[in-house]
Amino acid sequence: MQEKILVLDFGGQYSLLIARRIRQQHVFAEVRSSCDMTVAQIQREGYKGIVFTGGPSSVYDSVSPRFDPEILRLAIPILGICYGHQLLAWMAGAEVCPAENGSEYGRVTLRHTESALFRHVPPESACWMSHTDAVRSVPAGFTVTASTESCPCAAMADEKRKRYGVQFHPEVTHTEYGIQMLRNFLFSVCDCAGDWTMEDFASTSIETLRWELSGKRVLCALSGGVDSAVAAVLLHRAIGDDLTCVFVDHGLLRKGEREQVEQVFGCRFRMRMVVVDARERFLARLKGVTDPEGKRKIIGEEFIRVFEEEAKKLGKQDVLVQGTIYPDVVESGWGSAAVIKSHHNVGGLPGRIGFSGIVEPLRMLFKDEVRAVGLGLGIPEELVMRQPFPGPGLAVRVMGEITEKKLRVLREADAILCEEVAKAGPFNVPSQYFAVLTDTRSVGVMGDERTYGWVVALRAVDTDDFMTADWARLPYELLEKVSSRITNEVRSVSRVVYDITSKPPGTVEWE
Ligand code: XMP
């Protein structure tokens, strides 16, 4: 059985990060809600250790999340973090109350005594705190193993029963020796081997999928994005021609995107693939529409219609593949099989077409892990490492009404930006960068002629999570080159501007 750690979530903002940090040590970790994990399930899954996460509640609120007290009877090591630490103390009979010295937030100095959790950690180090309550007395069998100036019980341990609690957050980078502490828990306390790799993931998944889907007909909607691409290739390795991929060209793709998908999946991987040319029908439905949400809605609906028609033409298909990844699962509420990524091009499909099952081969992986699997499967780097592209495509980058002519202008301008970013010397490539065709025209001069052409805006942002973003400081030489090429090479563009709005107050996309 694959060794794994259970991250029992109490609603903490860092629960996923804890799992991520553990997986970075080559130990598989899965996040499960504290509400739906029973002792029987935990035993069945054979976890090597359990981490209780933080959370926004107070243990003494009657509605605060708890764990099944039977968990404490199991011979599985436990590490409680923040709320998890308080809950561990509380449920083992100790006292938790509002911190005497008030809330403690941010970087503080931690001093520790001997403990398996603090091996190779200097006696004093920086840690990150964020709490209002504190453990006042430790439960029977525990000793206090660390403190800070205002938190007398910053860590506690019952070494004999392998129970540990820390008030601070070892998973965040501000806790200097946080990774070391997690490693101590994984390798010294839980005795993990640390042999989990992405190659293991791919080969085990392929075997499982082959076994589970044998004799079934499986359909996959390829979007050209990373997740559906990796899911499709995994499935193809497992079941070959029993998989059919459908790629809908809605006419809102970037330059060369359809050809790239055909080349990679059709020619290189030799998948059974249907490319649907639906450009005209999407444009027809978008005629005269200028409202951004109206565009999104039409594209979503039309996509489902086209996909349904193609599925019917292919005859009965049993299973639909979804490129759902781990953050989608966790963010959409806890992991029933019915969780579907609310991406415009697959949401709503399964029920309507009547598949008997959905398969989500990447539902346990983070984005960078999906990328690692993709590279391991031989998907070209340009595709695996590509920047995100919105489902409604260029429709939300052409301001106002969408026409074929405007799309052509935008595609050319965008391709020039992408080419120049790729060619530019070593610099931090922004998280996302693209051109926008504004709905404004402006006067210019070319040769001795007056021109009156479109204004193209360039957008480039740096971000970790796309929830907030800063405008990217692209080198001036790069901006100059892109502006000069666009105005010279793309007919009917007279001016190029650079968007220096952060998110918030702006959004990444213009619509
Ligand atoms: P915003 O514009 O909301 O963008 O700041 C954040 C990220 O989401 C992408 N985005 C979308 N993706 N369907 C998608 O699949 C959409 O309707 C959509 N709108 C924005 C955007 O490209 C950025 O990465």
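Residues numbered from 1 in each chain as written. Predicted model: local features only at pLDDT ≥ 70, side-chain atom pairs only at ≥ 80, totals over all residues. Heavy atoms only, no water.

Enquirer: When you look at the domain arrangement of the chain in this model, what are you seeing that I'm missing?
Expert: Often, the extent of an interface is quoted as the loss of accessible area upon association of its parts. Each domain of the chain was delimited in the assignment, giving domain 1 (4-189), domain 2 (198-384) and domain 3 (397-498). Using C-alpha coordinates to define each centre, domain 1 is positioned 49 Å away from domain 3. (Domains from an automatic or database assignment.)

Enquirer: Which parts of the structure should I look at to understand the packing of aromatic side chains?
Expert: Two aromatic rings, taken as a pair, are described by how far apart their centres are and by the angle between their planes. Under the defined criterion, the tally for this structure stands at nine aromatic pairs. Measuring from ring centre to ring centre gives 6.2 Å for phenylalanine 303 and phenylalanine 307, while their planes differ by 15°; the resulting arrangement is stacked. Residue phenylalanine 303 and its partner phenylalanine 307 are both found in helix 9 (residues 292-314); the two are separated by four residues, about one turn of the helix. Across the pair, exposure class does not vary: phenylalanine 303 and phenylalanine 307 are buried alike. One aromatic cluster is present, formed by Phe10, Phe52, Phe67 and Tyr83 through successive ring pairs. Against the face of tyrosine 326 rests arginine 23, its NZ or CZ located 5.0 Å from the ring centre. The positively charged end of arginine 254 is found above the aromatic ring belonging to phenylalanine 389, 3.8 Å away from the centroid. (Phe/Tyr/Trp six-rings, centres within 6.5 Å; stacked < 30°, edge-to-face > 60°. Helix = DSSP H or I, 4+ residues; strand = E, 2+ residues; numbered from the N terminus. Buried < 20%, exposed > 50% of the residue type's maximum accessible area, 1.4 Å probe, protein only. Lys NZ or Arg CZ within 6 Å of the ring centre and 35° of its normal.)

Enquirer: Help me understand the sheet that holds strand 2 (residues 28-33) in this model?
Expert: Working definition: the strands of a sheet are paired by backbone hydrogen bonds and lie parallel or antiparallel to each other. Read from one edge to the other, the open sheet built from nine strands follows the order 2-1-3-4-11-10-9-6-7, with strand pairing classed as mixed. Of all strands in the sheet, those bounded by a partner on one side alone are strand 2 and strand 7 (124-131). Here the average twist between neighbouring strands, direction ignored, is 25°. The sheet contact formed by strand 6 (residues 104-112) and strand 7 spans eight bridges and is antiparallel. (Pairing = 2+ DSSP bridges. Axes fitted to C-alpha atoms, helices over the stretch in contact; angles between N-to-C directions.)

Enquirer: Can you walk me through the sheet that holds strand 13 (residues 243-249) in this structure?
Expert: Pairing is parallel in the open sheet, where five strands are placed in the order 14-13-12-15-16. Both edges of this open sheet fall to strand 14 (272-277) and strand 16 (357-359), since each of them pairs with a single strand only. Within this sheet the neighbouring strands show an average axis-to-axis angle of 25°, counted without direction. For strand 12 (residues 218-222) and strand 13, the ladder comprises five bridges, and the chain directions are parallel. Considered in strand 13, the bridge of alanine 221 is made with valine 246. Packed on one face of the sheet, helix 7 (residues 257-268) meets strand 12, strand 13 and strand 14 and runs near 165° to strand 14. (Contact = heavy atoms within 4.5 Å.)

Enquirer: Help me understand a positive patch on the surface in this model?
Expert: A surface patch of positive charge is lined by Lys405, Arg408, Arg441 and Arg491. As for its position among the elements, arginine 441 is in strand 17 (residues 432-446). Judged by relative accessible area, which is 39%, arginine 441 ranks as partly exposed. (Patch = residues over 30% accessible without salt bridge, like charges linked within 9 Å, V, L, I, M, F, W, Y side chains within 5 Å. Areas by Shrake-Rupley, 256 points an atom, 1.4 Å probe, with all protein chains shown as cover. Salt bridge = Lys/Arg side-chain N within 4 Å of Asp/Glu carboxyl O. Lys, Arg positive; Asp, Glu negative; His and termini not counted. Charge placed at Lys NZ, Arg CZ, Asp CG, Glu CD.)

Enquirer: Please explain helix 1 (residues 15-24) as it appears in this structure.
Expert: Every α-helix carries 3.6 residues per turn, so stepping three or four residues along brings you back to the same face. Burial runs high along helix 1: eight of the 10 residues are buried. Residues of helix 1 that are buried: Ser15, Leu16, Ile18, Ala19, Arg20, Arg21, Ile22 and Arg23.

Enquirer: Is there a simple way to explain the packing of helix 6 (residues 226-239) against helix 12 (residues 367-376) in this structure?
Expert: How two helices sit against one another is set out by the angle between their axes and by the gap between those axes. Following both chains from N to C, one finds helix 6 and helix 12 inclined at 45°, their axes separated by 10 Å at the closest point. Relative to helix 12, helix 6 is oriented oblique. Along this stretch, helix 6 crosses helix 12, giving a crossing that reads as left-handed. On helix 12, the residues touching Val226, Asp227 and Val230 of helix 6 are Lys367, Val370, Arg371, Val373 and Gly374. Broken down by class, the residue content of the contact of helix 6 with helix 12 amounts to four nonpolar, one polar and three charged. (Parallel < 35°, antiparallel > 145°, perpendicular 65-115°, else oblique. Left-handed = near helix turned anticlockwise from the far one by under 90°. Nonpolar A, V, L, I, M, F, W, Y, C, P; charged D, E, K, R; others polar.)

Enquirer: What is the right way to look at the site of the ligand in this model?
Expert: If you check the shell around the ligand, you find 12 residues, and the closest are Arg296, Gln432, Lys503, Val508 and Glu509. Contact between the ligand and lysine 503: an oxygen atom at 2.6 Å from a side-chain N or O atom of the residue. Between an oxygen atom of the ligand and a side-chain N or O atom of glutamate 509, the distance comes to 2.5 Å. Out of a free accessible area of 490 Å², the ligand has 74% covered by protein chains. (Near = heavy atom within 4 Å. Polar contact = N/O pair within 3.5 Å; in protein donor to acceptor, adjacent residues only side chain to side chain.)

Enquirer: Help me out: how do you make sense of the confidence of the model for the chain in this one?
Expert: In regions of low pLDDT, the predicted coordinates are not meant to be interpreted in detail. When pLDDT is averaged along the chain, the result is 91, and 95% of the positions lie at 70 or above. A low-confidence stretch, residues 334-348 (pLDDT under 50), is modelled with 37 contacts involving residues beyond four sequence positions or located in other chains. (pLDDT = per-residue confidence, 0-100.)

Enquirer: Sorry, what's going on with the side chain of histidine 112 here?
Expert: Here histidine 112 shows up in strand 6. A relative accessible area of 17% places histidine 112 in the buried class.

Enquirer: What's the story with the environment of aspartate 439 in this structure? I'm lost.
Expert: The topology assignment puts aspartate 439 in strand 17. For aspartate 439, a relative accessible area of 46% gives the class partly exposed. On a C-alpha basis, the gap between aspartate 439 and arginine 411 in space is 15 Å, while along the polypeptide they are 28 residues apart. The contacts of aspartate 439, once residues within four sequence positions are left out, are Met399, Gly400, Lys406 and Trp454.

Enquirer: I tried to follow the nonpolar core on my own but got confused; where do I start?
Expert: Considering soluble globular proteins, one finds that nonpolar side chains tend to be buried as a cluster. Membership of the largest hydrophobic core comes to 47 residues, with the highest contact counts inside it found for Val456, Leu458 and Ile486. Formed jointly, this core draws a minimum of three residues from each of two domains, domain 2 (198-384) and domain 3 (397-498). Not counting chain neighbours up to four residues away, the residues in contact with isoleucine 486 comprise Ala413, Ile416, Val456, Leu458, Val493 and Val496. Counting 42 residues, the second largest nonpolar core, distinct from the first, contains Cys220, Val321, Ile325 and Leu383. (Core = buried A, V, L, I, M, F, W, Y, C linked by side-chain atoms within 4.5 Å.)

Enquirer: For this particular structure, what's the right way to read unusual backbone geometry?
Expert: Peptide bonds are trans in most cases, and residues, glycine excluded, mostly fall at negative phi. Cis geometry marks the peptide bond from lysine 503 to proline 504; its omega dihedral reads -15°. In this structure, proline 504 sits in the segment after strand 20 (493-498). In this chain, proline 504 is followed by proline 505 through a cis amide linkage whose omega measures 10°. Structurally, proline 505 can be placed in the segment after strand 20. Phi angles above zero are rare outside glycine, and lysine 162 is one such case at about 60°.

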